[in-house]
Amino acid sequence: MNAQNNTQQHQDSSTQQRSQRLADLLRTHYEASRNIRRGVCMLNGGMYEQAQAAFQEASQQGCANRSLPSFLAACLIGNGHLRDATQHFADMVADDETNTHAQIRLALALWAGGNQDEAILSLREAIRCDRENAELHFQLGTLLTSMDRIEEAELRFTQAFTLQKDYAQAYVSLAMCCGVRQAPIEAVKHLKQAQSIRPFDARIGMLLTQAIRAVQQQGLSMSVHANMPIEDHIDDQDGIDLLSRVIEQEPDFVNAFLSIPFDQIDANIFSMLLLTIRVALERQPEHAELHYHCCQVLERLGRSQEAINEGERAITLDQQHTKALIRLAYLYRATNRSQDGASRLEQAIEHGADYADVHVLLGHLYRDCGRLDRARTSYERALAINDNYVEAQQALTSLATQ
């Protein structure tokens, strides 16, 4: 029993550490978001020096150029928890035989090896075969910029966002080219477009502010109306997809979210988490653990019947999933289905969940159903496991008066 307790204590400590790490990441992200919003207000008010300082502070916090889901995914991977996931992502890219990724990797490898002309030629050949690929045009523009071939680079960046209207980085790169040839008014135009696509990106906000100040230094006046970022920006599809793959690799990370105290986390975070898990389930619909965690998140959001459905799905896929069986028991009791809850706990105990708190809950469920003798047996079993279990002692005393 001591070994079991030590294992549980270790797991609880690990979850607490992860929860604290996630809570710290969330605080950092929201602080950076506040700085970006302050920067946008200052920028729109013509207070360019203060705007630049706010954007710079957000950038220094290290999370202001990403949506919340992509930021969390990047941090969880970078924090060393998911070494297997990084290889998984690399394998995904290797398996992408649209050939775009392979062609770009080849060009960058040639470039890194000092074969600049061959790198350029390889991308030109790729574009000849796929003229409508925005990414290829962008990558070619980037390499041309490094060779100071600004004129053609601008054409490539223009082609990239012509093909893909929301390609923010293409607008940014074109603006940087404008800066090189001392055309800040044009740079502002392109940066305004990039900022409208990615209003949560502190780097773009800072570049836009710098471009406007450059216009002023030429003796000209200019004002902008920058877009205010959405408060949480939790629905970024690329970020959701990346975070879903992180959670798919290590589903228990959901427990770290769920362990963060209510006063430290917004309900929107759980909406994001639910969306993320469901994206993962689209890829792996037979993944019992993901259905269990989906059940947990739905419960946290107050959506009890949906939570029950997901918990039952987890049990269908894995009849010995004791955590799901126990969670279902709580949900059934909360929805006045104590008999169903008792049946699920009996299964959990049968499959090894012989824990004091489980027997106490089973006792409560029996008592709710009027099965007082069975309730007494459950409370006594809880005390046999832990003779200091106050709740079990009180339940037995209460039962004696009935």
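Everything below is about the structure shown above.
These numbers were taken from a predicted model, which means no experiment stands behind them.

Calculation rules
- Residues numbered from 1 in each chain as written.
- Predicted model: local features only at pLDDT ≥ 70, side-chain atom pairs only at ≥ 80, totals over all residues.
- Heavy atoms only, no water.
- Helix = DSSP H or I, 4+ residues; strand = E, 2+ residues; numbered from the N terminus.
- Expected span 1.5 Å × (residues − 1).
- Buried < 20%, exposed > 50% of the residue type's maximum accessible area, 1.4 Å probe, protein only.
- Contact = heavy atoms within 4.5 Å.
- Phe/Tyr/Trp six-rings, centres within 6.5 Å; stacked < 30°, edge-to-face > 60°.
- Salt bridge = Lys/Arg side-chain N within 4 Å of Asp/Glu carboxyl O.
- Axes fitted to C-alpha atoms, helices over the stretch in contact; angles between N-to-C directions.
- Parallel < 35°, antiparallel > 145°, perpendicular 65-115°, else oblique.
- Left-handed = near helix turned anticlockwise from the far one by under 90°.
- Nonpolar A, V, L, I, M, F, W, Y, C, P; charged D, E, K, R; others polar.

How should I be thinking about helix α15 (residues 288-300) in this particular structure?
Here α15 is 13 residues long and its end C-alpha atoms lie 19 Å apart, about the 18 Å a rise of 1.5 Å per residue gives. Those residues of α15 lying buried are Ala-288, Glu-289, Leu-290, His-291, Tyr-292, His-293, Cys-294, Cys-295, Gln-296, Val-297, Leu-298 and Arg-300. The secondary structure elements touched by the buried residues of α15 are α12 (237-249), α13 (253-258), α14 (267-283), α16 (304-317) and α17 (322-334). Two residues or fewer after α15 comes Gly-302, characterised by a positive phi angle close to 80°.

Just to check I follow, could you spell out the packing of aromatic side chains for this structure?
Aromatic ring pairs are described here by two measures, namely the spacing of the ring centres and the angle between the planes. Scanning the model with the defined rule gives 3 aromatic pairs in all. With a centroid separation of 5.1 Å and an interplanar angle of 35°, the aromatic rings of Phe-138 and Tyr-167 are classed as tilted. Of this pair, Phe-138 sits in helix α7 (residues 134-146) while Tyr-167 sits in the loop between α8 (150-163) and α9 (168-180); the two residues are 29 residues apart in sequence, bridging distant segments of the chain. This pair shows no difference in class: Phe-138 is buried, exactly as Tyr-167 is.

It is not clear to me how the pattern of salt bridges should be interpreted in this structure. Could you clarify?
Should the charged atoms of two oppositely charged side chains come close, the side chains can pair. Scanning all chains against the criterion turns up 23 salt bridges. Among the ionic pairs, Arg-128 bridges to Glu-125, the shortest N-O distance being 2.7 Å. Of the two residues, Arg-128 and Glu-125 are both situated in helix α6 (residues 116-129); the distance of 3 residues between them amounts to about one turn of the helix. Salt bridges sharing partners connect three or more residues here, namely Arg-124, Arg-149, Glu-152 and Arg-156.

How do you make sense of the environment of Ala-288 when you look at a structure like this?
Note that Ala-288 resides in helix α15. Separated by 22 residues in sequence, Ala-288 and Glu-310 have C-alpha atoms that sit 9.2 Å apart. Apart from residues no more than four positions distant in its own chain, Ala-288 is found in contact with Ala-314, Leu-317, Asp-318 and His-321.

Looking at this structure, how should I read helix α19 (residues 356-368)?
In an α-helix, one turn spans 3.6 residues; hence positions three or four apart end up facing the same way. Here α19 spans 19 Å end to end across 13 residues, near enough to the 18 Å set by a 1.5 Å rise per residue. Across the 13 residues that make up α19, a large majority, 10, are buried. What α19 keeps buried is the set Ala-356, Val-358, His-359, Val-360, Leu-361, Leu-362, Gly-363, His-364, Leu-365 and Tyr-366. Turning to α19, the residues buried within the fold contact α17, α18 (338-350), α20 (372-385) and α21 (390-400).

In this structure, what is going on with the packing of α16 against α17? I would like to understand it.
Packed helix pairs are characterised by how far apart their axes lie and by the angle those axes make with each other. In the contact formed by α16 and α17, the axes pass within 9 Å of each other and the chain directions differ by 155°. Between α16 and α17, the crossing angle belongs to the class labelled roughly antiparallel. Helix-helix and strand crossings are classified by hand; for α16 and α17 the assignment is left-handed. Taking contact as the criterion, the partners of Ser-304, Ala-307, Ile-308, Gly-311, Glu-312, Ala-314 and Ile-315 in α16 are, on α17, Ala-324, Leu-325, Leu-328, Leu-331 and Tyr-332. Here the contact of α16 with α17 is composed, by residue class, of 9 nonpolar, 2 polar and 1 charged.

Without other data, these values stay purely geometric and don't point to any function.
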